[in-house]
Amino acid sequence: MGLQGSVAIVTGAAIGIGFAAAERLAERGARVVIADRSGAEEAASRLAARDLQVTGVALDVSSPEQVSAAVQATESRHGRIDVLVNNAGIYSTLEPKPFEQLTPQEWRQVFDVNVIGVFLMCQAVLPAFQRAGGGRIVNISSGVAFKGNPWMAHYVASKGAVISLTRALATELGRYQILVNSVAPGFTLSDGVHRNPTLVEGVREPSMRNRVLARDMTPADLVGAIEFFADAQSAFITGQTLVVDGGAYF
Ligand code: NAI
């Protein structure tokens, strides 16, 4: 099935990469639900004002109850669910820390959202996907899962888990025509990153220097890959992770 008339949930889409993805899917004719801990309704209204079919729902992806309620409400409202983009993640608000100073609580906080959030969302949409005869899951991981990154061990490990979960689910859910793929972005000037001056000052320039395409990367650079994995064009691709980073050297 193509995106026209499909129903897509994009988590963490009030701002940043998720918002850009929601906008692109809606422009391609999908009915999109922006699911976010904060600002979902406002973000949806901005796109709905452009005659795009977008609604918002407040949810914390790490809460099983909220995830289940939001997914059920989406299926009741639209009659089906076809696409899930697991984009919600904690990154720009994390304080970089040497490995020896990281606490179990900090690990749990990151894994609760970045990994358990993905697990809960995938599990919750499964019955709706089965009823619809298939579905697409696009997980947003990160290039750092391949390269590593100092002072971010918990974040790096969480994104590695997302890539492994993508493979695991692809092997398990293919028999239901559910395709599971991942997009691994390089350092992206998202809204969250813009709000963290340390990241902008410390990471922007070096990451640009380390790219074949030596310019800033923005959410607009990612939406094509996300759309591809949500759309009919990728109908025989599953379990893959596509790195979108402008050709980072390391
Ligand atoms: P952002 O910080 O601009 O936006 C994140 C959104 O997720 C916010 O709207 C926030 O409210 C929402 N969110 C956070 N925790 C949530 C929760 N528990 N439940 C529901 N919503 C929640 O983020 P950005 O930069 O657009 O990143 C999006 C995804 O891309 C994240 O998974 C991030 O790890 C990943 N990524 C980002 C990169 C970057 O350089 N910006 C690079 C590689 C991956």
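Higher on the page you've got the structure.
Please read these numbers as outputs of a predicted model, since none were measured by experiment.

Asks: Account for the environment of D245, with residues named and values stated.
Replies: Structurally, the position occupied by D245 is in the segment after β7 (241-244). Owing to a relative accessible area of 9%, D245 belongs among the buried residues under this scheme. Among the polar contacts listed, one links the side chain of D245 to the side chain of K147, at a separation of 3.0 Å.

Asks: Hey, could you go over the nonpolar core for me, with residue numbers and the actual values?
Replies: I9, V71, L84, M121, F129 and I137 are the most contacted members of the largest nonpolar core, which totals 34 residues. Of all the elements in the fold, those that place two or more residues in this core are β2 (31-36), α3 (64-78), α4 (104-132), α6 (153-173) and β6 (178-185).

Asks: Before we move on, could you go through unusual backbone geometry and cite the residues and values that matter?
Replies: A positive phi angle is found at D51, which is not glycine, with a value near 65 degrees. Given the relative accessible area of 71%, D51 is considered exposed. Unlike most non-glycine residues, Q177 shows phi in positive territory, near 65 degrees. Inspection of the secondary structure puts Q177 in the loop between α6 and β6.

Asks: Can you break down the sheet that holds β6 residue by residue, with the values?
Replies: Pairing is parallel in the open sheet, where seven strands are placed in the order β3-β2-β1-β4-β5-β6-β7. Pairing within the sheet leaves two strands with one partner each, and these edge strands are β3 (54-58) and β7. Averaged over all adjacent pairs, the angle separating strand axes in this sheet is 20 degrees, with direction ignored. Taken together, the five bridges between strand β1 (residues 7-11) and β2 define a ladder with parallel strand orientation.

Asks: Go over a nonpolar patch on the surface with me, naming the residues and quoting the values.
Replies: A grouping of V212, L213, Y249 and F250 is seen on the molecular surface, where their side chains present a nonpolar patch of about 500 Å² in accessible area. Counting through the fold element by element, V212 comes out in the loop between α8 (197-209) and α9 (223-230).

Asks: An account of the packing of α3 against α4 is needed here, citing residue identities and associated values.
Replies: At their nearest, the axes of α3 and α4 sit 9 Å apart, and the two run at 25 degrees to each other. The orientation of α3 with respect to α4, classified from their angle, is roughly parallel. In terms of crossing hand, the pair formed by α3 and α4 is right-handed. Across the interface between the two elements, P64, V67, V71 and E75 of α3 pack against L120, M121, A124, V125, A128 and R131 of α4. Broken down by class, the residue content of the contact of α3 with α4 amounts to eight nonpolar, no polar and two charged.

Cut-off values and rules
Residues numbered from 1 in each chain as written. Predicted model: local features only at pLDDT ≥ 70, side-chain atom pairs only at ≥ 80, totals over all residues. Heavy atoms only, no water. Helix = DSSP H or I, 4+ residues; strand = E, 2+ residues; numbered from the N terminus. Buried < 20%, exposed > 50% of the residue type's maximum accessible area, 1.4 Å probe, protein only. Polar contact = N/O pair within 3.5 Å; in protein donor to acceptor, adjacent residues only side chain to side chain. Core = buried A, V, L, I, M, F, W, Y, C linked by side-chain atoms within 4.5 Å. Pairing = 2+ DSSP bridges. Axes fitted to C-alpha atoms, helices over the stretch in contact; angles between N-to-C directions. Patch = residues over 30% accessible without salt bridge, like charges linked within 9 Å, V, L, I, M, F, W, Y side chains within 5 Å. Areas by Shrake-Rupley, 256 points an atom, 1.4 Å probe, with all protein chains shown as cover. Salt bridge = Lys/Arg side-chain N within 4 Å of Asp/Glu carboxyl O. Parallel < 35°, antiparallel > 145°, perpendicular 65-115°, else oblique. Left-handed = near helix turned anticlockwise from the far one by under 90°. Contact = heavy atoms within 4.5 Å. Nonpolar A, V, L, I, M, F, W, Y, C, P; charged D, E, K, R; others polar.

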